[in-house]
Amino acid sequence: MKAGATEPLSGLTVVPVRHEKYLQLHMKWNSSLPKDATYSVTIEHVDTEACIKDSPFDDQKHIKCAPILVAAINTDVIAPTDTTGLSKHECSIQQLCTYSILVEALNYPSSIRDLVVIPDCVEGLCSCHYVDHLPGLDNITGYVNLTSNELVVSWKLGTYNINELPTNAEPQFIQIRVRRGTNSELSWGGQHSSIKEVTVPLGVGSHSFDIGELPGAKYIFLVYLKVIDSQKCEREANPLKVTLPDNDSKTGSSNHLEVQTSTSQHPLFVIAVTLAVIAGIGIGSALLFIHKRRSKNRREPGWREVCVRSSGEHSAIIMSDNVLYVDMEIEYARARGKADNLEVPHSSLRIGREIGKGAFGRVFMASASKLPNINGTQIVAVKQLKRSPSAGQYDEFLDEITMMKRVGQHPNIVTLLGCCTIKEPLTMIMEYVGCGDLLEYLRKIRAKHLAKVQQQAIAPQIEHANLVQNNPTNNLFSPMGKYLDLVHTSSNSEASYITQNDTNNTRPSLAETTYTMLSGSQADSVNVTDSSRSSLEYVLDNKELHNFAKQIACGMEHLEELGITHRDLAARNILIDERKTLKISDFGLSRKGIYINSINKKVPLRWLSIEAIRDKLYSNKSDVWAFGIVLWEIGTLGGYPYPDVGNHELQSFLEQGKRLERPENCTPEVYELMLQCWREDPQQRPSFEQISKQLDPHKKIYIDFSDIEPTYVFPPTSDQLRLAMVNNK
């Protein structure tokens with residue numbers, strides 16, 4: 001029920017509108033709240049029998065629609081803003097479905113709700129739920145007339161009952177699409193070399209195509225026919241394959257296929273062709289007999305067998321599918337719009353060693369072939385969803401793939417090279433970045449620096465202050481002593497995440513997102529020796545640290561231009577290659593535009609902005625806050641943020657205006673940039689474009705290590721805090 005006129009929010013109206021091939025909801029409401037009011041709009045699917053939920057994966061129709069969430073600063077909103085279904089694939093607005101719309105004021109206790117049923121057609125875009133009642137096409141035949149050099153297709157229109165169609169739906173015409181194939185050995189003709197499409201009236205029963213308008217090397221034609229009605233709904237017939245076996249070259253030569261009628265009808269030519277075909281059949285039969293004899297005792301792979309690694313210790317294996325089946329399956333999926341050019345078969349992957357894992361699945365090193373725009377094989381990182389995933393995990397893995405596609409290519413972002421989505425296991429194929437992550441690199445630099453300090457025979461108390469990894473707590477009065485009361489850290493990266501609505505817990509929960517741990521020490525390639533690790537030099541250089549900050553800012557500027565919120569920017573999620581190029585990774589938490597997290601998810605608490613912790617509101621400005629933490633991580637060589645502040649105290653700590661202290665390795669200029677990133681008002685924080693300009697390469701933002709006071713104690717890492725905690729129980 002709508003709120004009354006005296007309520008702060010009233011008069012909610014919801015109108016479905018069309019955007020290209022998708023539907024959106026145009027929502028308006030009246031508000032008497034102050035101008036600083038902001039709103040959260042939740043669009044939730046209501047299950048009804050009339051709704052025909054269109055799942056892009058036929059075997060995943062059990063997946064429930066997740067709510068569509070939109071943040072708004074005014075009372076006139078169109079949602080979802082991402083009409084391609086980026087956030088949740090099954091949650092697009094669809095005809096005949098019912099939706100509950102809830103509008104809430106974020107900073108005032110007021111809300112309003114309404115229910116809307118989407119009509120069958122919206123601005124000419126219809127559901128086409130009745131296509132099975134459109135007339136079919138029967139007795140479809142086709143042949144090549146060599147005399148006229150034409151492909152002739154004929155058919156018969158099936159019967160139908162006009163009363164079984166909607167009032168405004170009436171069959172109007174027939175669309176014929178012909179493509180010329182490239183491989184006569186495949187039942188579906190292989191890839192097409194040319195294509196032609198025409199539309200004819202409903203009463204026509206045949207059509208001829210000039211073969212000259214369909215260039216190609218072989219007489220292989222695939223014919224697709226469909227009936228289209230007045231609402232642009234269509235019923236497609238089974239494809240028809242037309243070939244000329246007697247004229248199809250078996251030797252690879254195709255010159256005779258383009259010979260005109262006068263030559264092909266000559267008696268001597270016919271005799272020659274006949275003898276050639278007979279000889280070819282005889283040779284082919286002999287070769288087939290020999291092959292069968294040799295293969296008699298050889299175990300052949302199954303038709304659709306998929307081999308999955310169960311342990312990282314086994315030798316590399318091939319995930320095998322029948323090639324003809326897979327190619328056809330992917331081709332049909334692309335034709336139906338269920339897959340794109342990044343889709344590859346599982347059989348193109350040769351899975352190697354496991355190099356990372358998380359709650360959703362595992363990451364492997366692999367060798368991949370058949371990748372789009374890449375010749376030959378390439379070493380890649382493969383992230384696979386675990387077996388029997390929950391509906392939410394399945395959805396979110398697809399979201400990450402879709403997000404990676406939207407991100408595209410950038411030198412400072414890990415590139416998606418391919419994916420497997422039309423059958424399980426769902427798989428992301430990413431570029432392999434083999435030298436570990438930035439956090440690991442920084443901590444190795446720290447160890448190198450501390451070793452240098454030790455070699456210079458500094459006083460023993462300095463060794464006790466810094467070399468805590470050997471025995472961090474022998475002296476309770478050492479600089480590490482103030483951290484010993486902490487019990488909320490852990491040795492692995494997942495300790496950086498916590499359930500957002502449960503920050504009163506002292507120990508964070510395990511992350512639900514997959515942590516892409518492409519550690520070079522574990523990354524043994526498949527049939528290739530990975531030497532990138534040994535070639536990576538760990539240099540104590542302020543210019544290099546500056547360059548790292550600049551690269552990260554450039555990658556985040558690209559995301560900012562696309563309107564993508566990363567939500568998990570941290571040194572542990574930035575990979576490094578042998579050329580010291582940094583690449584932002586892990587888009588499992590990423591979303592398009594401003595995002596309100598209403599679901600209990602594990603989030604990186606100590607990298608979150610105030611509004612993200614307090615209001616669960618994420619945007620590019622919350623990413624800017626996280627970038628400030630990354631600058632601090634670089635300056636402290638992998639320090640753990642707020643090491644003496646508990647999880648439950650962090651929000652109050654930040655709201656009091658307190659921030660991380662300036663590391664001794666940071667200049668006042670870069671610390672001022674950090675403070676700008678940590679401003680409480682998101683609108684007062686700089687953009688990544690502005691940050692990139694401030695990180696001018698001619699400026700000096702990190703000082704030389706030799707200038708650091710020998711008594712300086714680096715903020716501890718999570719590992720150091722864990723050891724301090726364990727040794728003082």
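Residues numbered from 1 in each chain as written. Predicted model: local features only at pLDDT ≥ 70, side-chain atom pairs only at ≥ 80, totals over all residues. Heavy atoms only, no water.

So, the sheet that holds strand β5 (residues 76-79)
Alright, step 1. Strand order in the open sheet made by the three strands is β1-β2-β5, with antiparallel pairing throughout. Each edge of the sheet is formed by a strand with only one pairing partner; in this case those strands are β1 (9-19) and β5. For this sheet, the mean angle separating the axes of adjacent strands, direction not counted, is 20°.
Alright, step 2. Bridge analysis of strand β2 (residues 22-31) against β5 gives four bridges, and the strand direction is antiparallel. The partner of Met27 across the bridge, within β5, is Val77. (Pairing = 2+ DSSP bridges. Helix = DSSP H or I, 4+ residues; strand = E, 2+ residues; numbered from the N terminus. Axes fitted to C-alpha atoms, helices over the stretch in contact; angles between N-to-C directions.)

Focus on the confidence of the model for the protein
Alright, step 1. When pLDDT is averaged along the protein, the result is 75, and 69% of the positions lie at 70 or above.
Alright, step 2. Counting interchain partners and residues more than four positions distant, the pLDDT-below-50 stretch residues 247-271 has 30 contacts.
Alright, step 3. Of the regions scoring below 50 in pLDDT, residues 467-494 engages in 65 contacts with residues more than four places distant in sequence or in other chains. (pLDDT = per-residue confidence, 0-100. Contact = heavy atoms within 4.5 Å.)

Quick look at unusual backbone geometry
Alright, step 1. In this structure, Pro80 follows Ala79 across a cis peptide bond, with omega equal to 0°.
Alright, step 2. By the element assignment, Pro80 lies in the loop between β5 and β6 (98-105).
Alright, step 3. The amide bond that connects Glu424 to the next residue, Pro425, takes the cis arrangement and shows omega of 0°.
Alright, step 4. In this fold, Pro425 is placed in the loop between β22 (416-420) and β23 (427-431).
Alright, step 5. In this model, Lys580 sits at a positive phi of 60°, which is unusual for a non-glycine residue.
Alright, step 6. The buried category is assigned to Lys580, whose relative accessible area is 15%. (Buried < 20%, exposed > 50% of the residue type's maximum accessible area, 1.4 Å probe, protein only.)

Thoughts on the packing of helix α8 (residues 542-562) against helix α10 (residues 620-635)
Alright, step 1. Their axes nearest at 11 Å, the elements α8 and α10 cross at an angle of 170°. On the basis of the axis angle, α8 is roughly antiparallel to α10. For the pair α8 and α10, the sense of crossing is right-handed. Touching Leu545, Phe548, Ala549, Ile552, Ala553, Met556, Leu559 and Glu560 of α8 are Asn620, Asp623, Phe627, Val630, Leu631 and Ile634, all from α10.
Alright, step 2. Residue composition of the contact of α8 with α10, grouped by class: 11 nonpolar, one polar and two charged. (Parallel < 35°, antiparallel > 145°, perpendicular 65-115°, else oblique. Left-handed = near helix turned anticlockwise from the far one by under 90°. Nonpolar A, V, L, I, M, F, W, Y, C, P; charged D, E, K, R; others polar.)

As for the nonpolar core
Alright, step 1. Residues Ile552, Phe627 and Ile634 are the most contacted members of the largest nonpolar core, which totals 90 residues.
Alright, step 2. Not counting residues up to four positions away in its chain, the partners in contact with Ile634 are Leu438, Leu442, Leu545, Phe548, Ala549, Ile552, Asn665 and Tyr702.
Alright, step 3. Formed by 29 residues, the second largest nonpolar core is a distinct cluster that contains Leu23, Leu25, Met27 and Ala37. (Core = buried A, V, L, I, M, F, W, Y, C linked by side-chain atoms within 4.5 Å.)

Comments concerning the side chain of Glu343
Alright, step 1. Tracing the chain through its elements places Glu343 in the loop between α3 (323-335) and β19 (349-357).
Alright, step 2. Engagement of the side chain of Glu343 in a polar contact is seen with the backbone nitrogen of Ile422, the distance being 3.2 Å.
Alright, step 3. With sequence-adjacent residues up to four places away left out, Glu343 is seen in contact with Ile330, Arg334, Cys419, Cys420, Thr421 and Ile422. (Polar contact = N/O pair within 3.5 Å; in protein donor to acceptor, adjacent residues only side chain to side chain.)

Quick notes on empty space enclosed by the protein
Alright, step 1. Considering all chains together, one arrives at nine cavities of 30 Å³ or more under this definition.
Alright, step 2. Every residue lining the second largest cavity is listed: Arg567, Asp568, Leu569, Pro604, Trp607, Leu608, Ser609, Ala612, Tyr618, Ser622, Asp623 and Ala626.
Alright, step 3. In terms of residue count, the dominant contributor to the lining of the second largest cavity is α10 (three residues). (1 Å grid on protein atoms, 1.4 Å probe; cavity = no way out; pocket = protein on both sides within 12 Å on 5 of 7 lines; lining within 4 Å. Points joined across faces, edges and corners; volume = space filled by probe spheres on them.)

A look at the state of the cysteines
Alright, step 1. Scanning the entire structure with this criterion turns up two disulfides.
Alright, step 2. Cys121 shares a disulfide with Cys126; S-S distance 2.0 Å. When the S-S torsion is 115°, as for the bridge of Cys121 with Cys126, the disulfide is right-handed.
Alright, step 3. Sulfur-sulfur distance for the disulfide between Cys128 and Cys233 comes to 1.8 Å. (Disulfide = S-S within 2.5 Å.)

Concerning the packing of aromatic side chains
Between two aromatic rings, the relevant description is the distance of the centres plus the angle of the planes.
Alright, step 1. Under the defined criterion, the tally for this structure stands at four aromatic pairs.
Alright, step 2. With 5.5 Å between their ring centres and 75° between their planes, Tyr441 and Phe548 make a pair best called edge-to-face. One end of the pair, Tyr441, is in helix α5 (residues 438-455); the other, Phe548, is in helix α8, and 107 residues separate them in sequence. Across the pair, exposure class does not vary: Tyr441 and Phe548 are buried alike.
Alright, step 3. For Arg572, the ring lying beneath its charged end belongs to Trp607, and the centroid distance is 4.1 Å. (Phe/Tyr/Trp six-rings, centres within 6.5 Å; stacked < 30°, edge-to-face > 60°. Lys NZ or Arg CZ within 6 Å of the ring centre and 35° of its normal.)

Details of the sheet that holds strand β7 (residues 111-117)
Alright, step 1. Within the open sheet, the four strands sit side by side as β4-β3-β6-β7. Their pairing is antiparallel. Every interior strand has two partners, whereas the edge strands, β4 (68-72) and β7, have only one. This sheet shows a mean twist of 20° between the axes of neighbouring strands, independent of strand direction.
Alright, step 2. The pairing of strand β3 (residues 39-46) with β6 spans eight bridges and is classified as antiparallel. Looking at β6, one finds that Ile43 is bridged to Ile101.

Considerations on the pattern of salt bridges
Alright, step 1. This model, assessed by the stated rule, comprises 16 salt bridges.
Alright, step 2. Two residues, Lys405 and Asp340, come together in a salt bridge whose shortest N-O distance is 2.8 Å. Residue Lys405 is located in helix α4 (residues 391-407), and its partner Asp340 is located in the loop between α3 and β19; the two are separated by 65 residues in the primary sequence.
Alright, step 3. According to the relative accessible area criterion, Lys405 is partly exposed, its value standing at 30%.
Alright, step 4. Here Glu655 makes a salt bridge to Arg614, at a shortest N to O gap of 3.6 Å. Of this pair, Glu655 sits in helix α11 (residues 647-655) while Arg614 sits in helix α9 (residues 610-615), and the two are 41 residues apart along the sequence.
Alright, step 5. A residue is classified by how much of its surface remains accessible, and Glu655, at 35% relative accessible area, is partly exposed.
Alright, step 6. On the basis of relative accessible area, Arg614 is assigned to the partly exposed category, the value being 37%.
Alright, step 7. A single salt-bridge network, built from bridges that share partners, covers Arg614, Asp615, Glu655 and Glu680. (Salt bridge = Lys/Arg side-chain N within 4 Å of Asp/Glu carboxyl O.)

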